[in-house]
Amino acid sequence: QLTPFPPGFLWGASTSAYQVEGAWDEDGKGPSVIDARASYPEGTSDYTVASDHYHRFRDDVALFAELGLKAYRFSVSWSRVIPDGDGEVNPEGLQFYVDLVDELRAAGIEPIVTMYHFDLPQALQEKGGWSSRATIDAFERYARVLLDALGQKVTYWLTINEQNMMVMHGAALGILPPGTEDPQREVHQQNHHMLLAQARVMRLVHDVAPQAKVGPAPNVACVYPASPDPADVVAAEDFSAIRNWLYLDVAVRGRYNTLAWAYLTEKGWAPQIEDGDLQVLAAAEPNFIAFNYYASHTVAAPRGDGTDVGGTGDQHIVTGDADVYRPAENPHLKKNAFGWEIDPVGFRTTFRQISDRYGLPLLVTENGLGAYDTLTEDGRVHDDYRIDYLAQHIEQMQQAITDGVDVLGYCPWSAVDLVSTHQGVRKRYGFVYVDRDETDLRSLARYRKDSFTWYQSVIRANGLS
Ligand code: BGP
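None of the values given here were measured: they were computed from a predicted structure.

Enquirer: I would appreciate a short explanation of the site of the ligand in the present structure.
Expert: The environment of the ligand is formed by 17 residues, the closest being Q19, E162, T421, K427 and Y429. Here N161 contributes a side-chain N or O atom positioned 2.9 Å from an oxygen atom of the ligand. Contact distances for the ligand include 2.9 Å between an oxygen atom and a side-chain N or O atom of H422. Out of a free accessible area of 370 Å², the ligand has 100% covered by protein chains. Partitioning the shell around the ligand into residue classes produces five nonpolar, nine polar and three charged.

Enquirer: What's the story with the packing of helix α9 (residues 230–253) against helix α12 (residues 344–358) in this structure? I'm lost.
Expert: Two quantities define a packed helix pair, namely the angle between the helix axes and the distance between the axes. Across the interface, α9 lies against α12 with an axial gap of 11 Å and an inter-helix angle of 35°. In this structure, α9 crosses over α12, and the sense of that crossing is right-handed. On the side of α9, the interface is formed by W245, L248, D249, V252 and R253, while α12 contributes Q353, I354, R357 and Y358. Its residues placed into classes, the contact of α9 with α12 shows five nonpolar, one polar and three charged.

Enquirer: Help me understand helix α6 (residues 134–150), please; the structure alone is not making it clear to me.
Expert: Its 17 residues give α6 an end-to-end C-alpha distance of 24 Å, which sits within 8% of 24 Å, the value for a rise of 1.5 Å per residue. Within α6, burial applies to T135, I136, A138, F139, E140, Y142, A143, V145, L146, L147 and L150. Structurally, α6 contributes buried residues whose contacts are with α3 (78–81), α4 (91–106), β3 (110–116), α5 (122–126), β4 (156–161) and α8 (183–208).

Enquirer: Help me understand unusual backbone geometry in this model?
Expert: The bulk of non-glycine residues show a negative phi, and the bulk of peptide bonds are trans. A cis amide bond links W413 with the next residue in sequence, S414, at an omega value of 10°. Checked against the element boundaries, S414 lands in the loop between β13 (407–410) and β14 (432–434). A positive phi angle, near 60°, is found at L444, a position not held by glycine. Assignment of secondary structure puts L444 in the loop between β14 and β15 (446–448). Here N462, not a glycine, exhibits a phi torsion of approximately 50°, which is positive. Counting through the fold element by element, N462 comes out in the segment after α14 (450–461).

Enquirer: What is the right way to look at the side chain of D232 in this model?
Expert: You can see D232 is positioned in helix α9. At a separation of 2.7 Å, a polar atom in the side chain of D232 contacts the side chain of S227. Not counting residues within four places of it along the chain, the set of residues in contact with D232 comprises P225, A226, S227, V299, A300 and A301.

Enquirer: Help me understand the sheet that holds strand β9 (residues 326–327), please; the structure alone is not making it clear to me.
Expert: Backbone-to-backbone hydrogen bonds pair the strands of a sheet. The strands run either parallel or antiparallel. The strand order across the open sheet formed by three strands is β6-β8-β9, and the pairing between neighbours is mixed. With partners counted over all chains shown, the strands left at the sheet margins are β6 (223–225) and β9, one partner each. Direction of pairing for strand β8 (residues 297–300) relative to β9: antiparallel, over a ladder of two bridges. By the bridge assignment for β9, V299 is matched with P327.

Criteria and thresholds
- Residues numbered from 1 in each chain as written.
- Predicted model: local features only at pLDDT ≥ 70, side-chain atom pairs only at ≥ 80, totals over all residues.
- Heavy atoms only, no water.
- Near = heavy atom within 4 Å.
- Polar contact = N/O pair within 3.5 Å; in protein donor to acceptor, adjacent residues only side chain to side chain.
- Areas by Shrake-Rupley, 256 points an atom, 1.4 Å probe, with all protein chains shown as cover.
- Nonpolar A, V, L, I, M, F, W, Y, C, P; charged D, E, K, R; others polar.
- Axes fitted to C-alpha atoms, helices over the stretch in contact; angles between N-to-C directions.
- Helix = DSSP H or I, 4+ residues; strand = E, 2+ residues; numbered from the N terminus.
- Left-handed = near helix turned anticlockwise from the far one by under 90°.
- Contact = heavy atoms within 4.5 Å.
- Expected span 1.5 Å × (residues − 1).
- Buried < 20%, exposed > 50% of the residue type's maximum accessible area, 1.4 Å probe, protein only.
- Pairing = 2+ DSSP bridges.

Dropping the structure here:
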């Protein structure tokens, strides 16, 4: 017997600013590290127009209301609000988010706001980005601007999206300053600064908007040992400590876990911790944990023969570390068109692990299936594969709730089609199809997919019927 979803469960959907808004240089917006990218790999697209949500947000919110969304998780573009990251506030940029929140509230949709989702202002990057402690102050100041404008209107705040992915793929996500000598050491120093920035902002939310709630939003993956060989089990624990718990332990418990710290020290990547840092980290007190879950990983102990550093560099495909773990195939799991393991049971396991470890309510801020969708002549997209993926994950989430996990809501990626972080426009996730391809913007018109109609009925029934 499954426990039903609680009343008021936040059935939602997600986007991020640079992937959906477009209008990259309009109304005073400054460039972000994303806009400043020198080039885009073949078959992918720039973010200048994206899904043109900036101009179409009222129509998009009307679609979200029709879908029945109870929540919408989006991010604020820091350089739209403060063009150089640290100077004057751009009132027009800020107004866009006030209008968006008002539009959502009027439609009865709970806004869930990410303060920073990969798009650091380029001006800050040029001054050292997260390598510089000045960026911590800049982030706190930016958060204060957001809280002044929206603190009474928004209950759920997320600090930094997928900080752990930025650390693991720092060069790809554009946070490493060019010419960095020791990139791994540098990203872990940056990581420490982001953790401090996050902790200060969590404290700030409690101080200036005490009715609001705030939490971190890492990507968490279930990690399996490739076999019952005890050496593989150790490799899986180490990988999970480095990939998942390193971030959450600092965000929630205010300290680095011993396995991750031993790893960083051994590698020579341990960040420099200044006096007072640990107190800042310990004072944060998040109200909930948000996490993004797409896939699981399977790892084995290293062979030690020089062949261990595998992986493709893809955001979700594990890259090995010859000293600690190597990627392995999981014969029990299928993969999506982009090679990511599909693992709904791993979703349940992830809920249980995070809940057991921290005892806080959980909010899913991303989960979904990237696929090549086809718009049919009757203006539909028959994405039964996406319905299957989401249904299986919702079922396992309900299992987790039955296991006793406190789940606040579920915001799959993505509300509408948008530009993938690194695989272009044709990798689609949305409930709503946006008519464009990599370079041809076509009409940018919106079409409801079959998953739209299906999710509408899930929300109406408060669960799978
Ligand atoms: C997460 C990011 C999102 C989004 C999603 C899908 O890591 O937070 O921004 O892009 O993954 O990834 P992708 O676009 O690479 O398929």
